[in-house]
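# Report on the structure
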Amino acid sequence: LYALVYEHLLAVPVVRGTKTKAETFPGADYTTTVEAFIPATGRAIQGATSHHLGQNFSKMFEIQFQDPNDPTGKKKEHAYQNSWGLTQRTIGVMVMVHGDDKGIVLPPMV
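This report concerns the structure included in the present document. The structure displayed is predicted, hence computed values, not measured ones. Along every chain, residues carry numbers that run from 1 in the direction the sequence is written. Only residues with pLDDT of at least 70 are given local features in this predicted model, and only at 80 or more are side-chain atom pairs given and counted; all residues enter the totals for whole chains, interfaces and linings. With hydrogens and water set aside, each side-chain value is computed from the structure's full complement of heavy atoms.

### Here's the deal with helix 3 (residues 89-98)
Of all the positions in helix 3, only Thr-90, Val-93, Met-94 and Val-97 are classed as buried. Each buried residue of helix 3 sits inside an arc of 100° when the element is viewed along its axis, so together they form one side. Buried residues belonging to helix 3 abut helix 1 (2-9), strand 2 (30-38), strand 3 (43-54) and strand 7 (99-100). Throughout, exposure labels follow a simple rule: accessible area from a 1.4 Å probe, protein chains only, divided by the maximum for the residue type, with under 20% read as buried, over 50% as exposed, and the rest as partly exposed. In this description a helix means any DSSP run of H or I spanning at least four residues, a strand means any run of E spanning at least two, and both kinds are numbered starting from the N terminus. Summarising the geometry, the arc corresponds to the directions from the helix axis toward the C-beta atoms. By definition, residues are in contact when any of their heavy atoms lie within 4.5 Å.

In structure tokens:
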């Protein structure tokens, strides 16, 4: 989803990836990312991340739902969770990619 926002809406090409275990959000099973290249600096910047939390936090905080496959309606399951965040960093990346010292040319979809 993040890659589509960056590429189709903001006209910013990104590289999709998965963070290493050391870079993964604490408590998450894994973290995915999109990284953008900033031509003015020749460097990459993390555009957005998504954290697959599995059932780690739902077990910790007792977040449960009624099991739809249990005919008695008594069995509970822990929720699987994700953490998503699209922030103002996205606007900053767009400005860094499409702008320079002379100004900015916004993508047509913006």
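### What about helix 1?
Restricting attention to buried positions, one finds in helix 1 the residues Tyr-2, Ala-3 and Tyr-6. End-on, the buried residues of helix 1 take up no more than an arc of 100°, which puts them together on one face. For helix 1, the elements touching its buried residues are strand 1 (14-18), strand 2, strand 3, strand 6 (81-85) and helix 3. Within two residues after helix 1, Ala-11 carries a phi angle of roughly 55°, on the positive side.

### Points about the pattern of salt bridges
Any Lys or Arg side-chain nitrogen found within 4 Å of a carboxyl oxygen on Asp or Glu counts as a salt bridge. Under the defined criterion, the tally for this structure stands at four salt bridges. The salt bridge partner of Asp-67 is Lys-75, with a shortest N-O separation of 3.8 Å. With relative accessibility at 9%, the residue Asp-67 sits in the buried group. Among the salt bridges present, the one from Lys-75 reaches Glu-77, with a minimum N-O distance of 3.5 Å. Overall, the relative accessible area of 25% leaves Glu-77 in the partly exposed class. Put simply, Asp-67, Lys-75 and Glu-77 are held in one network by salt bridges that share partners.

### Regarding the sheet that holds strand 3
Taking strand neighbours across the sheet as the criterion, the four strands line up as 1-2-3-6 in an open arrangement whose pairing is antiparallel. Strands with a single pairing partner mark the edges of an open sheet, and in this sheet they are strand 1 and strand 6. Taking each pair of neighbouring strands and ignoring which way they run, the sheet shows an average axis angle of 20°. Pairing between two strands requires that DSSP report at least two bridges joining them. The pairing of strand 1 with strand 2 spans five bridges and is antiparallel. Note on strand 2: the bridge partner recorded for Val-15 is Glu-35. Relative to the sheet, helix 3 contacts strand 2 and strand 3, its axis offset from that of strand 3 by approximately 155°. Angles run from 0 to 180 degrees between N-to-C directions of axes, and those axes are lines fitted to C-alpha atoms, restricted for helices to the stretch in contact.

By themselves, these are just geometric observations and shouldn't be taken as functional.
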